[in-house]
Protein chains: 2
Amino acid sequence: LRKLFISLLFVNVFFCPLPLKAMDRASADVRCKEIAAKLLKNGLTEEYAYTLLERLSRIGPRLTGSAQAAAAVDHTLKEMKDLGLENIHLESVQVGHWERGDVEKAMLILSAWESLPLTVAAIGGSIATPAEGITAGVVEVRSFEELHDLGDKARGKVVFFNRPMDPSTLNTFGAYGSAVDQRIQGASEAAKAGGVAALVRSITTRLDNNPHTGMMIYESGVHEVPAACLSTIGAETLSQYLKKNPDFKIRLELNCRQLPPVISHNVIGDIAGHENPDEIIVLGGHLDSWDLGTGAHDDGAGCVQSLEALRLLKKLRLKPKRTIRAVMFMDEEFGGTGGKAYASNAKFRKGETHIAAIESDRGGFLPLGFRIGRNESDLQSFRKWESLFQSIGLYWLRPGGGGVDIGPLGTQGTLLISYIPDAQRYFDVHHSALDTLESVNPRELEMGAVAMALLAYLLSEEF
Amino acid sequence: LRKLFISLLFVNVFFCPLPLKAMDRASADVRCKEIAAKLLKNGLTEEYAYTLLERLSRIGPRLTGSAQAAAAVDHTLKEMKDLGLENIHLESVQVGHWERGDVEKAMLILSAWESLPLTVAAIGGSIATPAEGITAGVVEVRSFEELHDLGDKARGKVVFFNRPMDPSTLNTFGAYGSAVDQRIQGASEAAKAGGVAALVRSITTRLDNNPHTGMMIYESGVHEVPAACLSTIGAETLSQYLKKNPDFKIRLELNCRQLPPVISHNVIGDIAGHENPDEIIVLGGHLDSWDLGTGAHDDGAGCVQSLEALRLLKKLRLKPKRTIRAVMFMDEEFGGTGGKAYASNAKFRKGETHIAAIESDRGGFLPLGFRIGRNESDLQSFRKWESLFQSIGLYWLRPGGGGVDIGPLGTQGTLLISYIPDAQRYFDVHHSALDTLESVNPRELEMGAVAMALLAYLLSEEF
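Residues numbered from 1 in each chain as written. Chains lettered and ligands numbered in written order. Predicted model: local features only at pLDDT ≥ 70, side-chain atom pairs only at ≥ 80, totals over all residues. Heavy atoms only, no water.

Overview of the interface of chain A and chain B
For clarity, the cut-off: The criterion used for residue contact is that any of the two residues' heavy atoms lie within 4.5 Å. Buried area, as used here, totals the accessible surface that two parts lose on assembly, with accessibility defined by a 1.4 Å probe and the loss added over both. Whenever Lys or Arg places a side-chain nitrogen within 4 Å of a carboxyl oxygen from Asp or Glu, that contact is recorded as a salt bridge. Polar contact criterion, stated in full: a pair of N or O atoms within 3.5 Å, where within protein one must be able to donate a hydrogen and the other to accept it, and residues adjacent in sequence count only if both atoms are side-chain atoms. Every helix listed is a DSSP run of H or I at least four residues long, and every strand listed is a run of E at least two residues long, numbered separately from the N terminus. The classification used treats Ala, Val, Leu, Ile, Met, Phe, Trp, Tyr, Cys and Pro as nonpolar, Asp, Glu, Lys and Arg as charged, and all other residues, Gly among them, as polar.
The partner chain B presents 28 residues to the 28 residues of chain A that form the contact. A combined buried area of about 2300 Å² lies between chain A and chain B, and 56% of that area is made up of carbon and sulfur atoms. Taken as a group, Leu170(A), Tyr395(A) and Arg443(A) account for 27% of the area that chain A buries against chain B, more than any other trio of residues on that side. At the junction of chain A with chain B, the criterion picks out four salt bridges. The closest approach of N and O atoms between Glu444(A) and Arg425(B), which form a salt bridge, is 2.9 Å. At the boundary of chain A and chain B, one finds twelve residue pairs in polar contact (both at pLDDT 80 or more). Elements represented by at least two residues in the side of chain A that touches chain B include exactly α2 (22-46) and α14 (442-461) of chain A. Counted by class, the side of chain A that touches chain B contains eleven nonpolar, nine polar and eight charged residues.

A look at the relation of the copies chain A and chain B
Worth spelling out the cut-off: To superpose the copies, least squares is applied to the C-alpha atoms of every residue with a pLDDT of at least 70 in both.
Take chain A, turn it by 180°, move it 0.0 Å along the axis, and it overlays chain B with an RMSD of 0.0 Å. These values place the two chain copies in the arrangement generated by a two-fold rotation axis. Relative to the rotation axis, the C-alpha of Tyr395(A) is the closest in chain A, positioned 3.5 Å from it.

Describing helix α7 (residues 181-192) of chain A
All names here are of chain A. Worth spelling out the cut-off: Classification of residues uses two cut-offs on accessible area relative to the type maximum, computed with a 1.4 Å probe and protein chains only: under 20% is buried, over 50% is exposed, and between them is partly exposed.
Summarising burial for α7: nine of the twelve residues are buried, a large majority. Listed in full, the buried residues belonging to α7 are Asp-181, Gln-182, Arg-183, Gly-186, Ala-187, Ser-188, Glu-189, Ala-190 and Ala-191. Buried residues belonging to α7 abut α5 (144-149), β6 (158-161), α6 (172-179), β7 (197-201) and β8 (227-230). With its phi angle positive at about 90°, Gly-194 sits one or two positions after the end of α7.

A short note on the environment of Glu332(B)
Residues and elements named next belong to chain B. In this fold, Glu-332 is placed in the loop between β12 (322-329) and α10 (337-348). Taking the relative accessible area as the measure of exposure, Glu-332 reaches 13% and is therefore buried. Between the C-alpha atoms of Glu-332 and Arg-62, which are 270 residues apart in sequence, the distance is 11 Å. Non-local contacts of Glu-332, meaning those with residues more than four positions away in its chain, are made with His-286, Asp-288, Asp-361, Val-404 and Asp-405.

Overview of the packing of helix α3 (residues 48-57) of chain B against helix α14 (residues 442-461) of chain B
A pair of packed helices is captured by two measures, namely the crossing angle of their axes and the spacing between those axes. Residues and elements named next belong to chain B. The condition that has to hold: Note on definitions: angles span 0 to 180 degrees between N-to-C directions of axes, and those axes are lines fitted to C-alpha atoms, for helices only across the stretch in contact. Just so you know how the angles are binned, under 35 degrees is roughly parallel, over 145 roughly antiparallel, 65 to 115 roughly perpendicular, and the rest oblique.
Contact pair α3 / α14: the axes reach a minimum separation of 8 Å and the direction vectors enclose 110°. Judged by the angle between their axes, α3 and α14 are roughly perpendicular. Along the contact surface, α3 presents Tyr-48, Ala-49, Tyr-50 and Leu-53, while α14 presents Pro-442, Leu-445 and Glu-446. Of the residues in the contact of α3 with α14, the class split is six nonpolar, no polar and one charged.

Let's talk about the confidence of the model for chain A
Should pLDDT be low for a region, the predicted coordinates there are not to be read in detail. Residues and elements named next belong to chain A. Stated precisely, the cut-off is as follows: Confidence per residue, as judged by the predictor, is encoded in pLDDT with a range of 0 to 100.
Overall, the predicted model of chain A reaches an average pLDDT of 94, with 96% of residues at or above 70. Counted against residues more than four places away or in other chains, residues 1-18, with its pLDDT under 50, gives 25 contacts. The ipTM value of the predicted complex is 0.93, and its pTM value is 0.94.

Spelled out as structure tokens, the structure:
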């Protein structure tokens, strides 16, 4: 009898298109709880997200436009086939193509016969220096205001932006956001002040010798000068030497370059909805990465969590009413062209409606919660699942969902959701050589995949 | 005027012994919020807990009874002096003294000319093998029941306990608790079945080549046989070979030994209460550690967090009404004699009352919350501070406080509190060579110290 009851319940939850009555509601809640427990148990036992990340990491760094980014597209197609996804396809995206080159040097010239190397990396998008390098004096500033106040004193100099990321707040993303202007606009601000190059302190609270790169933008109409990031140890060292002698010169050599745009791809695969296949729930991360590490946290984690979420749902033989789709976006790091392309194509995709999109792009750390929709009223209908999410290790649901890749879907009424892991350690590795597989914990990574799988299931069946 | 108001407020909160009125309550709440923010800001900026841990780690492993444990006592005394604590003193504790020795070998004998080394470590408290080692066949079991069911088949054999730690639950301490019987009682259970030694699979969900040691107990009246833990890779390898040929023999060599007990010490230092100095709030961790790593998480973290909490309170020039005391307990790992000694001496300490004791002994990971008291009614008066703790990164307050070191104080009516960080990564390193400084994140460690400082302050001023 009990078996009969359970199988009837199963039929009810999955095949009843009518609003659930109170009795059915209670049954559905039991069913959701069972599914959450099974997702967690399978996920933690198999830790398959980590296996996926291991394989992705073998390709190496996946800089937008690079051969490895193309290899990652092919690899992901194959992974999707192996996972038995449906409707697997590529979506073309024209992306920029910047190459780091093989010369990145900064030497502090102490005397005619002595110089001190500082660890630097070109900032993504920077032009090269002349082949013989740039040799110039240095002015150190902590802000654009301070630079402006210098008046003519930055003319002909390398402008050294040395405002540290604020360690004193728990909100590391906030602290990052408050420091990143130096990296993004530093070159153009330096040029406007007559500077010949920008050197930017890496945005991390760690004191080590790893430069943390990232994107920069040349302001239109402003003279372009090269820009490189210094490791935090490099920045401290330079600052100390400049205190001893403000006239020290630095020689900077970079041979990075911008190449013509290339055609790259978003990679897409579905578990097709069996009732409303045109109602789509997207799970996604971005396939491109920075090139100093292998982008294990940023955003290999989000990619493999999306794939693993679909694998877990298939493993449980759940047949969702709506289509649950994994999208590996291309080019989050150099302008978000993949996310834009997906959204603009989505509008024209044969009658598809994007119900919701969940983005994971904050590293593969311990899950904290989901940010869902714009405000509390968007979030309201999810509140009843708070204890369900707590049972799989999350602490909260909050408003404020979004992200570079899913953001463009927002204008179509898609509910935007961000998966939020803890970020106390994120900026230790972010955009640096430390962002490799070894910095990811298999359980923490998997817990995110489990949470995304559960939320996708609820969005498909219960929303 | 505003300054005057703030300084009056200060006086009010700190020097008013009467119950606070509603208006005063609101002012006190503002003051608590300010203090929480300052503790966090100072802590995260300075990350001094990590500096303390760095210095402690240089001593090396601090196995109970060892020369390094004694060095750690001296070192901690000096740290307390440098921090300007008062009433600094040592408390004698008689502790066991077991030494690992320098021979730990397990060879699976594949043929007369070929053998395969398996990575093992003696379990703490084990006797040695004879100098020539023990060479015997192996029986693999997953539980004591399975061993009993073997009847005579374990006679003369090495009993191999190979039940893995369950990876499928979020509660890693629970999973550890469900596997640890093999390590603690395995030797005696093996002996009762006629076995000549016990080999125990390390208690971790990671598959690697690090043995995880820990304590064992010989059941009184049962023949003593040696016991070692195998790395999880070693355990998997052995199991696979036994499937191919159940008659394979293993040779085990250990020269660990039990030495006469030695006198060691708890290390104690206070911020003396200026109003009720005899009312004590203890913050503590244990100074001894296992010897394969340097006990950075277990429990260097708890020790330095306790010291750092007091440093932060002093830094803010807070003068607590009650005495806030750091206790570095000796010998948590080999029987908890330090905790017992402290509690039994506490009873006779000239009129001291122990209001509360906070133990940190679950690693230096991301803070989750505090477990306070036995039940919800013990916790009730803390509920009003939930949002205050959330502001410094904690997620919850729950009942169920305790711990090996503070547990003995419980019989004296002391409120027992456990600091609870996330434990998803804890058993990756626990009791193994991986438990070193490098596995600790400075921010995560510091956040725990900040939380302990705030709770100690509230217990002193507001409770």
